Amino acid sequence: MDVNVIGILFEKPDAMRDGMKAFGGSQGTFNGENFVTVASVGHIYGYDTDMTKQVPAHLKDKYKSWDLANLPWEWRDLIWKRTCTKPDVAKRLKATLSKCDEIVIATDYDVTGEGGLIAGEILIELGLTHKKISRMIFFDEAPTTLQNAFINRKPIPNIETFDEYVQAETRARTDFLTMQWVRASYALTGNVLREGRLKGFITYLTVSQTRARREYVKQVRYENRFKDENGVIYKKKDAPIYDTQQQALMNQTLKESAVVFDKAETRTSAPPKLVNLASLGGILAKANFAPADVKNTYQKMYQAHYVSYPRTGDDTITTEQFKQLLPHLDTIANLVGVDTSLVTVRTPRSTHVKDKAGHGANRPGDRIPSSMDEIRTQYGELGVQIYTILAKSYLAMCGSDYVYERQTGHLAQDESYVGSVNIPKDLGFKKILDWDNEVDEASRGIGTHATAMLGEVVNPKPSAPTIKWVTDQLKKYNVGTGSTQLSTIEALVAPVKKSSAVKQLFKQGKGGLLIPTEFGEMAYDLFRGTQIETVKVTSDLIEHMEKVKNGEAKGETMWDSVKPMLLSDIEIMKANAEKLKKEGKITMSEKFEKKEKVSGVFAPTGETVSFNAKWSTHEFTEDEKQRLLNGETLRLELPSSKGGTYKVDLHLGKGSFDGKTYFGVQSNFANSIPETFCQHTFTPDERAELENGGRIFVVGLVGRKGKPFDAYVSFSDKDGLKLDFN
């Protein structure tokens with residue numbers, strides 16, 4: 001490879017193909033500089049979840065354990081080792097980039113810094129950080145955009161202080177540390193309940209809403225109202241509410257009244273924000289499309305340029321992005337069956353178009369299909385629906401405002417009774433949208449005369465926790481990008497094998513309804529009252545990530561906050577688990593029943609170790625625990641299940657079970673002949689004979705079922721007592 005070659009690192013192969021169009025090929029010369037393009041396939045590195053590889057040797061047993069006694073972790077103990085999920089890709093990238101003099105990061109530039117993390121992981125793990133590094137900043141993949149981004153690329157002096165990298169690394173390490181809550185759930189229930197920041201909040205929202213609907217009891221009460229001849233209702237603010245109709249009628253002193261017209265004013269309503277990926281998933285869930293299918297199909301359509309960048313955090317577009325689709329508005333309208341005469345606003349709306357850096361809100365892409373069959377052939381009916389919803393959302397922005405006249409009036413004989421009505425004048429964008437589109441239907445205004453009536457005051461039934469309802473709640477709390485929201489819901493409803501310790505928390509029902517499984521209910525009860533299930537944890541992280549990016553904070557502050565939060569949450573989870581056990585909602589088998597552990601420093605090695613606080617039926621005293629940690633051997637005489645006692649030597653060390661090595665209490669029965677065996681008490685002479693390697697004949701031994709038998713008995717250090725019937 002020639003000297004002074006620049007390697008341009010793209011996030012995915014399809015993005016590299018856009019780069020090849022912009023720069024004239026996979027390698028060559030652009031703007032007087034030699035270049036070569038390479039592509040990753042998204043994240044190819046992630047933190048190794050095998051905790052024995054994340055800590056020094058003396059901490060391996062502690063971090064390997066899933067017991068509560070070994071939580072919380074100290075994040076500074078971790079070496080933060082990454083593992084490669086695509087070694088073939090890594091090998092290819094290193095082969096090319098190692099020969100380059102400069103490496104240009106051309107991964108996606110997104111609000112969370114994820115593209116910077118993808119590139120940073122690659123450069124760090126492949127040992128390429130010593131090279132000259134720079135960053136292309138771009139918000140679409142148009143050739144001129146990529147060319148300008150290359151020419152005006154930003155130098156990166158140190159990849160490990162690169163703003164995007166440290167921003168996303170803050171999130172990545174925080175999320176890795178939240179695995180501790182999953183371990184705690186397993187220790188307390190015997191099930192791996194996949195709870196974390198956003199998962200915990202979604203679980204809280206969904207199960208609490210499900211239970212609210214389950215426990216809902218309709219209650220009807222009454223208040224006095226009036227209705228005019230046009231159907232307009234007049235109500236009194238803070239009017240008394242009665243339990244029965246009779247009570248309401250007894251207090252209804254005014255039977256009728258003339259109506260006084262107050263005023264009429266013209267009002268307008270602008271189109272809603274453009275849909276994001278989560279909103280899109282919520283709408284399509286009503287048609288029973290799964291989140292995973294929506295996300296995957298959208299990604300494929302994005303790679304083909306039919307739709308815009310999926311992982312955007314924007315809800316507006318730029319003036320330049322608006323101009324790109326402006327010549328195609330009529331074509332897009334015809335494709336999705338929208339009357340072009342409704343697309344009247346062909347200049348940027350200040351509410352929807354803002355010139356700020358970003359990929360822009362989800363919208364149709366720069367590749368306009370010739371027909372919807374072009375989409376259907378490649379992506380099926382789901383692809384058609386995705387394109388149609390994005391197109392109508394965008395076209396609604398280009399529709400006129402909804403215009404209506406609001407009329408108000410009051411009763412002549414009691415002006416505290418007020419009525420109002422909205423009369424549509426121009427539906428505008430509401431003729432374009434097919435969803436969330438409430439339209440006032442009044443055709444007549446305030447009347448002239450009103451008569452008394454009883455109005456029902458009914459406690460509203462909680463809304464069904466559909467995917468759309470959940471994504472609307474997340475949007476209200478401003479938690480995560482649309483892509484993150486949909487991916488999290490996808491993970492929560494993902495099926496798992498029945499035999500797996502990892503449990504599915506929700507199933508997707510008809511119309512996108514999220515239905516908690518028994519484990520979803522268990523997760524809600526176990527984590528109820530914890531901090532991890534609150535929206536604040538995620539909002540605090542997002543805010544902190546932005547500060548880290550701007551150099552106003554360090555990731556360490558966020559990682560330090562995990563430990564006290566976990567300690568507090570574990571105490572709450574313990575109490576919740578005990579309650580669940582008493583209610584019979586947790587019935588852990590002996591296999592999963594977590595044993596009390598002892599932790600401390602093992603004097604012979606200086607390592608921090610843990611071991612069971614109980615051996616067989618014997619619970620260690622504090623003195624015995626310390627003696628074991630000191631490396632001493634305990635000689636215990638314990639009751640035998642066969643009657644009598646036996647002696648055993650116990651010490652701490654490494655042993656093996658099922659071919660696996662573990663650290664714990666090891667036993668040695670050498671030179672330990674029990675006082676009694678099968679209800680026979682050995683005489684001193686018999687014990688002496690056995691200890692000398694001889695064998696004795698014993699009459700009247702009693703088996704487990706109480707049946708007597710005679711046999712020869714011998715003893716060895718290796719086998720202990722042995723029966724021989726010959």
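Computed from a predicted structure; not experimentally measured. (Residues numbered from 1 in each chain as written. Predicted model: local features only at pLDDT ≥ 70, side-chain atom pairs only at ≥ 80, totals over all residues. Heavy atoms only, no water.)

J.: Which residues make up the overall build of the chain, and what values do they have?
T.: The number of helices and strands found in the chain is 21 helices and 30 strands. Computed over C-alpha atoms, the radius of gyration of the chain comes to 35 Å, more than 25% over the 27 Å expected from 2.2 N^0.38 for 726 residues, which places it beyond the range of a compact globule. Projected onto its principal axes, the C-alpha coordinates of the chain cover approximately 115 × 95 × 50 Å. Split into buried and exposed, the 726 residues of the chain put 49% on the buried side. Long-range pairs, those at least 24 residues apart, make up 70% of the contacts in the chain between residues at least 6 apart in sequence. Carbon together with sulfur atoms contributes 48% to the accessible area of the chain, which is approximately 35300 Å² in total. When the 97 positive and 95 negative side-chain charges of the chain are each reduced to one mean point, those points stand 3 Å apart. (Helix = DSSP H or I, 4+ residues; strand = E, 2+ residues; numbered from the N terminus. Rg over C-alpha atoms; globule rule 2.2 N^0.38 Å. Buried < 20%, exposed > 50% of the residue type's maximum accessible area, 1.4 Å probe, protein only. Contact = heavy atoms within 4.5 Å. Areas by Shrake-Rupley, 256 points an atom, 1.4 Å probe, with all protein chains shown as cover. Lys, Arg positive; Asp, Glu negative; His and termini not counted. Charge placed at Lys NZ, Arg CZ, Asp CG, Glu CD.)

J.: Quick one: what's the story with the packing of aromatic side chains, residue by residue and with numbers?
T.: Within this structure, the stated rule accounts for 21 aromatic pairs. With 5.0 Å between their ring centres and 70 degrees between their planes, W75 and W559 make a pair best called edge-to-face. With a gap of 484 residues between them, W75 in the loop between α2 (60-64) and β5 (82-84) and W559 in helix α19 (residues 555-582) connect regions that are remote in the sequence. Grouping residues by exposure puts W75 and W559 together as buried. With a centroid separation of 5.7 Å and an interplanar angle of 80 degrees, the aromatic rings of Y302 and Y309 are classed as edge-to-face. Residue classification places Y302 among the buried residues on the basis of a relative accessible area of 6%. These aromatic residues form a ring-pair network of at least three members: Y47, Y63, W73, W80 and F176. In this structure, R153 is placed above the aromatic ring of F150, and the distance from its NZ or CZ to the ring centre is 4.5 Å. Stacked on the ring of Y402, the Lys or Arg K430 has its end atom at 5.0 Å from the ring centre. (Phe/Tyr/Trp six-rings, centres within 6.5 Å; stacked < 30°, edge-to-face > 60°. Lys NZ or Arg CZ within 6 Å of the ring centre and 35° of its normal.)

J.: So what about the side chain of S40? Which residues, and what values?
T.: One can find S40 in the loop between β3 (33-39) and β4 (45-47). By relative accessible area, which is 0% here, S40 ends up buried. Within the local environment of S40, its side chain forms a polar contact with the backbone oxygen of G42, the two atoms lying 2.9 Å apart. With residues near it in sequence (within four places) discarded, S40 still touches L9, F10, E11, K12, P13, V89, L93 and I122. (Polar contact = N/O pair within 3.5 Å; in protein donor to acceptor, adjacent residues only side chain to side chain.)

J.: I'd like a description of the pattern of salt bridges, backed by residues and values.
T.: Within this structure, the stated rule accounts for 42 salt bridges. With a closest N to O distance of 2.8 Å, R76 and D560 form a salt bridge. Remark: D560 occurs in helix α19 and R76 occurs in the loop between α2 and β5; sequence separation between them is 484 residues. R76 gets classed as exposed once you look at its relative accessible area, which sits at 54%. You can call D560 partly exposed: its relative accessible area is 34%. Residues joined by salt bridges that share partners form a network here, namely E11, K12, D108, D110 and R311. (Salt bridge = Lys/Arg side-chain N within 4 Å of Asp/Glu carboxyl O.)

J.: Explain the sheet that holds strand β30 (residues 720-724) to me, using residue names and the numbers behind them.
T.: Here three strands make up an open sheet; going across it, the order is β28-β29-β30 and the pairing antiparallel. Each edge of the sheet is formed by a strand with only one pairing partner; in this case those strands are β28 (695-702) and β30. This sheet shows a mean twist of 40 degrees between the axes of neighbouring strands, independent of strand direction. Pairing of β28 with strand β29 (residues 708-716) involves six bridges; the strand directions are antiparallel. Bridging from a neighbouring strand, R695 pairs with S714 of β29. (Pairing = 2+ DSSP bridges. Axes fitted to C-alpha atoms, helices over the stretch in contact; angles between N-to-C directions.)

J.: Kindly report on the side chain of Q252, identifying the contributing residues and their values.
T.: Tracing the chain through its elements places Q252 in the loop between α9 (245-250) and β12 (256-269). In this structure Q252 comes out as buried when scored by relative accessible area, which is 10%. Within the structure, the side chain of Q252 is placed 3.0 Å from the side chain of N224, a separation counted as a polar contact. For Q252, the contacting residues outside a window of four places in its chain are N224, A452, M453 and L454.

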